[in-house]
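Structural overview for review
These are the residues of each chain, in order.
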Amino acid sequence: MEKRAHCEAEVTGLKMKELVPENQMTLRGTRGIQQTLFSPPVARLNTTLEQKGVVYTKRWVVEFLLDLCGYRAETNLVDLLAIEPCAGDGAFIVPMIGRLVASCRQLSRPLSDCKKSLKAFELDDKSAERTRRIAALALEKHGVELSVAEDLASAWIQTGDYLTDAVELEADIVIGNPPYVRLEDIPDETADLYRDAYPTMRGRADLYVAFFEAALRSLRPNGVCAFICADRWMRNQYGAELRELITSAFAVDVVIEMHNADPFQEEVDAYPAVTVIRRSGQGRAVIASLDSQAEHTGSTELYAAIRAASLGDPVPPICGLQTAAIDTWFNAGDPWPCRSPSQLALLRRIEERFPALEAQAKVGIGVATGNDDVFVTKDATLVEPTRLLKLALAKDIADGAVKWSGHFLVDPWNGDGLVPLKDYPLLQSYLVSHAKALKRRHTAAKNTDGWYRTIDRVNHDLTLTRKLFIADIKNVLAPVLDRGETYPHHNLYHIQSDDWDLEVLGGLLMSAISQFFVEAYGVRMRGGYLRFQAQYLRRIRVPDPRTIDGATARGLVDAFRRRDRELATRISLQVYGVDPQLMETVLGS
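A short tour of the structure in this document, coming up. Computed from a predicted structure; not experimentally measured. (Residues numbered from 1 in each chain as written. Predicted model: local features only at pLDDT ≥ 70, side-chain atom pairs only at ≥ 80, totals over all residues. Heavy atoms only, no water.)

This next bit is on the overall build of the protein chain. Helices and strands together make up the secondary structure of the protein chain, namely 22 helices and 23 strands. For the protein chain, the residues scored as buried account for 56% of the 589 residues in total. Relative to all contacts within the protein chain whose residues are 6 or more apart in sequence, the contacts with residues 24 or more apart total 75%. (Helix = DSSP H or I, 4+ residues; strand = E, 2+ residues; numbered from the N terminus. Buried < 20%, exposed > 50% of the residue type's maximum accessible area, 1.4 Å probe, protein only. Contact = heavy atoms within 4.5 Å.)

Tyr71, Tyr162, Leu207, Ile256 and Leu290 are the most contacted members of the largest nonpolar core, which has 155 residues in total. In this structure, Leu290 is in contact with Trp60, Phe64, Ile256, Glu257, Met258, Asn260, Ala261, Leu302, Gly320 and Leu321, ignoring residues within four places of it in sequence. Counting residues in hydrophobic clusters, the runner-up holds 26 residues, among them Phe375, Val383, Leu393 and Val419. (Core = buried A, V, L, I, M, F, W, Y, C linked by side-chain atoms within 4.5 Å.)

Of all the ten residues making up helix α18 (residues 512–521), ten are buried; the element is thus mostly covered by neighbouring parts of the structure. Ala512, Ile513, Ser514, Gln515, Phe516, Phe517, Val518, Glu519, Ala520 and Tyr521 are the residues of α18 that are buried.

Here the focus is the sheet that holds strand β14 (residues 388–392). Ordered in space as β13-β15-β14-β21, the four strands form an open sheet in which the pairing is mixed. One side of each edge strand has no neighbouring strand; the edge strands of this open sheet are β13 (376–377) and β21 (487–488). Both β14 and strand β15 (residues 408–410) contribute to a ladder of three bridges, which runs antiparallel. Considered in β15, the bridge of Lys390 is made with Phe408. (Pairing = 2+ DSSP bridges.)

What follows covers the sheet that holds strand β18 (residues 467–471). Taking strand neighbours across the sheet as the criterion, the four strands line up as β12-β22-β18-β20 in an open arrangement whose pairing is antiparallel. The open sheet terminates on both sides in strands that have one partner only, identified here as β12 (362–365) and β20 (480–482). Geometrically, the sheet is characterised by an average inter-axis angle of 30° between neighbouring strands, direction not taken into account. When β12 meets strand β22 (residues 492–496), the two strands line up antiparallel, connected through four bridges. Across the sheet, Lys362 pairs through a bridge with Gln496, a residue of β22. Packed onto the sheet, helix α17 (residues 502–510) meets β18, β20 and β22 and runs at close to 25° relative to β18. (Axes fitted to C-alpha atoms, helices over the stretch in contact; angles between N-to-C directions.)

This next bit is on the pattern of salt bridges. Under the defined criterion, the tally for this structure stands at 29 salt bridges. A salt bridge links Asp399 to Lys403, with the nearest nitrogen and oxygen atoms 3.7 Å apart. A relative accessible area of 60% means that Asp399 is categorised as exposed. Through salt bridges with shared partners, a single network forms among Arg59, Glu63, Asp67, Arg72, Glu74 and Arg99. (Salt bridge = Lys/Arg side-chain N within 4 Å of Asp/Glu carboxyl O.)

Below, the discussion takes up the packing of aromatic side chains. Any aromatic ring pair is given by two values, namely how distant the centres are and how the planes are angled relative to each other. As enumerated under the stated definition, the model contains eleven aromatic pairs in all. A ring pair is formed by Tyr162 and Phe211, whose centres lie 5.7 Å apart and whose planes are at 20°; its orientation type is stacked. Taken together, the positions of Tyr162 in helix α6 (residues 162–165) and Phe211 in helix α8 (residues 208–218) put the pair 49 residues apart, joining distant regions of the chain. Considered together, Tyr162 and Phe211 belong to a single accessibility category, that of buried residues. Grouping aromatic residues by their ring pairs yields a cluster made of Phe212, Phe227, Trp233, Trp329, Phe330 and Trp336. (Phe/Tyr/Trp six-rings, centres within 6.5 Å; stacked < 30°, edge-to-face > 60°.)

Pasting the structure below:
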């Protein structure tokens, strides 16, 4: 399969209202997701295709996907419609043709019955014509006369943009490798067109999000979308609406992580995964991972193993393949952790037994100012003492305890809101001297009268509250206790609780189990560091504090104070009822 830039489309002389007719159709999905469809477009995009590099999917991966989505010769493929959104050089179309011809012959049907069985898209005439020649040649190799082959290829391969030209098609199978293109690499007018048509494509989304939505919404009942694609949408914020669409109206059949499987002919800077998503109610889902050894197994054996896992049958041992089946999927737009099957099975087991951290604790982030050069200082005489807050930075907790570095927050807030500057002459003089820089901030543009505000309002009670600090970027989860002395900077997250002894909770959070949760849902940055963001911290599961006996609590406090991660893990495994050997196996897998 060709993995390439979908389109560097240039819309010339066309306004958005000309591309979307007044009688546009609207499909309303569940949970408030709405898609605007073209019915049909009143004008075509003038497109130019810029090749950004061609990467081909290996044949065994294509055959594997075809098996997974049920596109098999023993099935009646003639009366189905299978769509390939970006045909490229035919890596998917060619084996699909072979299976379709075999199915047609088994059914003793004429090939003319297959004219509406396949549909593939290419952006411009030159690319489409090349793909038609490839398709015709594939048919000839299966004994089809040249004139018939050319006629079928012409019917199957369409010049056009899948995202705008396929919206009225109803498909049984959509399969392929959607293109990876950041929206900022597409002309603004075209990007706006796609965003209007595909509401799941939000934020800094990649174009492949739109391909997922288009494919899913085209499926007939029990239809299947089978893509090999980068997996970041499963966990990142920009994939939340797509995940919500899937969990609200579709079923996840299979997710296969292929980071180390070498699925493409060339090395690709992406983290690929196979997803098989069906238009039906959610049932058992199979989670699997493949590494490079699996390539030598063959797609038939791999498919048989995945099917066995789905049916609850014994899975034959295959080098390079791990599988696990789970009976429930994730909710709404929650992230889908991309871990090994054994890790995911343990994750779901703990999630089903224990409540989330937020049930009896509050997770928040420190103050963002919009200009730390102005609002953060070490000069204790800069403004009135009442307008200075002791500020804790990430470096202040690096040694496992709060060691205040002497930084203050210049605080423009009181309990009622922004303080009147006239009441604080030193503060007024200082902020006015930096007014030009402060007024350039976005938050000041929205609040012209409050031009001297920090982005976040200060909650003064937080300073005096006992809380756990966690650095935003670090390689391990290392909570530190603040005894009610400092206010957190924006690179620190804080955890408060009226129900927990924070040192007991700190011991649990130091353990490998809590680290496991953040690793499951988070994304490692370059250099191996994790982002300990609130969205990941909130997903950590912890027991009800009332269920922890005194001896266990004292042990966790001791581990927390000594910064003994091994002891914290050993005690936490008992609390969660997880066998240490299982945990070691899972973390080592």
